[in-house]
Amino acid sequence: MNATISSTSPTALQKSELQAQVVRKLAAHLPAHSLLYQAEDTTPYECDGLTAYRQRPLVVALPESQTQVAAVLRTCHAMGVPVVARGAGTGLSGGAMPHAMGVTLSLAKFNRILKIDPRSRTAVVQCGVRNLAISEAASPYGLYYAPDPSSQIACTIGGNVAENSGGVHCLKYGLTLHNVLKVKGFTIEGEPIEFGSDALDTPGYDLLSIVVGSEGMLAVITEVTVKLVPKPQLARCIMASFDDIRKSGEAVAAVIAAGIIPAGLEMMDKPMTAAVEDYVHAGYDLTAQAILLCESDGTPEEVEEEIGRMSAVLTAAGATKIAVSQSEAERLKFWSGRKNAFPASGRISPDYMCMDSTIPRKRLADILLAIQQMEKKYQLRCANVFHAGDGNLHPLILFDASDPDQLHRCELFGADILETSVAMGGTVTGEHGVGVEKLNSMCVQFSAEENAQMFAIKYAFDTKGLLNPGKVIPTLHRCAEYGKMLVRGGQIKFPELERF
């Protein structure tokens, strides 16, 4: 007898019965060591990097082959059991949070680099390969993989594809979408599917742009073909200090307005620089209200000319101090603070919630000043670090999750940042995804019709709504409850998707 998920909260008996059925069915396709269902075994999978929200999965499956992945998906589809794909669990929006009545499909064992082709400057890798491992494998050929999230030592390429991750060098080299040629995987029915091609373009609709950033809602990705780029001959970094946040924000806009596209352009405010300097001793100016890290790469001649131009622009914008790296070791030292911003924040607070919105560059100072007022409003501290070049904010709200009131104020604080970003002409997410964290804020940015169209795309790939349900796209009911939208007539409705 096949199980079905009840629309009401399941009882412990129903959950136990369903778990036994799922384990029995999957055991026909997976070895015993690849099936976890005891509480002590599934607890490590109860959350991703957004630790404020937790849920143990019914079962964790750890397939070791494409055939096993397909079998797990076919089985779950036939049983009507939800599936949540998981990589390294470094996501920050709850995108990999398990479903209580579903299977968490861990792809951690898909960690092989299948091919490095220096002539075509591509690499074919399994989804569980770490971001940094791609560059390490390509290094002997003078190549590397450009997108570099701060979690690159741990995050996987499959997760990067799911969230369309960026990194400190995304301004010049682009996000994951701009550095991926092709992805392969399976539909919820267990059928193989491929997006993109080995060529620069592919006939028909550009479905690669749909699946990159789809947060595990459309397909389970198992293999990715990425672009590699030549290592620059030289890279140097400017560290510029500012005594006023508005001046630092205007300096970012001035650099771009001057026609300069730095390899990296990052900003940190005073609380963040204090936290990271105490942690890694990167040599940051602790008297500055904000610092900018501006990197140039290319030939020695190109770098010298661009560093000179950027220094002049930053000085004219009001920089009080400018330091330029004189060696590769010093450049890496400058970046060490930025790369360690999150762990540094963990040293000064029991918990933090990292937000992820994007605003027009000209509004950087406005949003930082608004966040300062929110700190007073919600009585919580916030340290700011972000990709200033493309306006992608990463405010880290510091709180204690063991205090329910602090968690509640933190949630309100985060929602306020996202709503303010939208009001300033921005978006609720830049690279961390929506997951469960930003569902309410999606109601602020998108109309009922727009949400319905996103459901329509989801429905085209996943009729039963089993892949990562309850994430990314808010239901009309949820938006109505949030009180931010008027539900108008003529919506596209899929009764099958109500359990989302």
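Residues numbered from 1 in each chain as written. Predicted model: local features only at pLDDT ≥ 70, side-chain atom pairs only at ≥ 80, totals over all residues. Heavy atoms only, no water.

## Description of the sheet that holds strand S2 (residues 59–61)
Spatially, the 4 strands line up as an open sheet ordered S1-S2-S4-S3, and their pairing is mixed. Each edge of the sheet is formed by a strand with only one pairing partner; in this case those strands are strand S1 (35–36) and strand S3 (83–86). Relative to strand S4 (residues 103–106), S2 is paired through 3 bridges, and the arrangement is parallel. Across the sheet, residue Ala61 finds its bridge partner in S4, namely Leu105. Relative to S2, helix H1 (residues 12–26) is tilted by about 20°, and along the sheet it contacts S1, S2 and S4. Its contacts with the sheet put helix H3 (residues 66–79) on S2, S3 and S4, and the angle it makes with S4 is roughly 165°. (Pairing = 2+ DSSP bridges. Helix = DSSP H or I, 4+ residues; strand = E, 2+ residues; numbered from the N terminus. Contact = heavy atoms within 4.5 Å. Axes fitted to C-alpha atoms, helices over the stretch in contact; angles between N-to-C directions.)

## Thoughts on H1
Since the α-helix packs 3.6 residues into each turn, any two residues three or four apart lie on the same face. The end-to-end C-alpha separation of H1 is 21 Å, in line with the 21 Å expected for 15 residues at 1.5 Å each. Within H1, burial applies to Leu18, Gln21, Val22, Val23 and Leu26. For H1, the secondary structure elements touched by its buried residues are S1, S2, H3 and S4. (Expected span 1.5 Å × (residues − 1). Buried < 20%, exposed > 50% of the residue type's maximum accessible area, 1.4 Å probe, protein only.)

## Quick look at a nonpolar patch on the surface
Taken together, the side chains of Tyr205, Leu207, Ile210 and Ile457 define a hydrophobic patch exposed on the protein surface, amounting to about 400 Å² of accessible area. Along the chain, Ile210 turns up in helix H7 (residues 208–211). (Patch = residues over 30% accessible without salt bridge, like charges linked within 9 Å, V, L, I, M, F, W, Y side chains within 5 Å. Areas by Shrake-Rupley, 256 points an atom, 1.4 Å probe, with all protein chains shown as cover. Salt bridge = Lys/Arg side-chain N within 4 Å of Asp/Glu carboxyl O.)

## So, the packing of aromatic side chains
A complete count under the given rule lists 4 aromatic pairs for this structure. An angle of 35° between the planes, with centres 6.2 Å apart, marks the rings of Phe195 and Phe461 as tilted. Taken as a pair, Phe195 in strand S9 (residues 192–196) and Phe461 in helix H16 (residues 448–461) lie far apart in primary sequence, 266 residues in all. We classify Phe195 as buried; its relative accessible area is 2%. Considering the side-chain rings of Tyr378 and Phe413, the 5.3 Å spacing of their centres and the 25° angle between planes classify their relative orientation as stacked. Here the residue Tyr378 occupies a position in helix H13 (residues 364–378), and Phe413 occupies one in helix H14 (residues 404–423), the gap between them amounting to 35 residues. Both residues of the pair, Tyr378 and Phe413, belong to the buried class. (Phe/Tyr/Trp six-rings, centres within 6.5 Å; stacked < 30°, edge-to-face > 60°.)

## With respect to the sheet that holds strand S10 (residues 220–227)
If you walk across this open sheet you meet the 5 strands as S5-S6-S10-S8-S9, and the pairing is antiparallel. For this open sheet the edge positions go to strand S5 (113–117) and S9, each flanked by a neighbour on one side alone. On average, each strand axis in the sheet is inclined to that of its neighbour by 10°, with strand direction left out of account. As paired elements, strand S6 (residues 122–126) and S10 share 5 bridges and run antiparallel to each other. Across the sheet, Gln126 pairs through a bridge with Glu223, a residue of S10. Running at roughly 45° to S5, helix H4 (residues 131–138) makes contact with S5, S6 and S10 of the sheet.

## Points about the layout of surface pockets
What the second largest pocket holds in volume is close to 580 Å³. Lining the second largest pocket are 27 residues, and of these Gly213, Ser214, Glu215, Met454 and Val472 sit closest to its centre. Broken down by secondary-structure element, the contributors of at least two residues to the lining of the second largest pocket are H7, helix H15 (439–445) and H16. If you tally residues by element for the lining of the second largest pocket, the top one is H16, at 3 residues. Taken together, the residues of the lining of the second largest pocket break down into 14 nonpolar, 9 polar and 4 charged. (1 Å grid on protein atoms, 1.4 Å probe; cavity = no way out; pocket = protein on both sides within 12 Å on 5 of 7 lines; lining within 4 Å. Points joined across faces, edges and corners; volume = space filled by probe spheres on them. Nonpolar A, V, L, I, M, F, W, Y, C, P; charged D, E, K, R; others polar.)

## With respect to the packing of H13 against H14
Taken N-terminus to C-terminus, the directions of H13 and H14 make an angle of 155°; their axes are 10 Å apart at the nearest point. It follows that H13 is roughly antiparallel to H14 by the angle criterion. The way H13 lies across H14 gives a crossing that is right-handed. Residue-level contacts link Ile367, Ala370, Ile371, Met374, Glu375, Lys377 and Tyr378 of H13 to Arg409, Leu412, Phe413, Asp416, Ile417, Thr420 and Ser421 of H14. Here the residues of the contact of H13 with H14 sort into 8 nonpolar, 2 polar and 4 charged. (Parallel < 35°, antiparallel > 145°, perpendicular 65-115°, else oblique. Left-handed = near helix turned anticlockwise from the far one by under 90°.)

## Describing unusual backbone geometry
In this structure, Asn164 takes a positive phi of about 55° despite not being glycine. The residue Asn164 is located in the loop between helix H5 (157–163) and helix H6 (170–173) in this model. On the accessibility criterion, Asn164 (14% relative accessible area) is buried. A positive phi is found at Gln379, a non-glycine position, where the angle reads about 55°.

The quantities given are spatial measurements derived from coordinates; they are silent on function.
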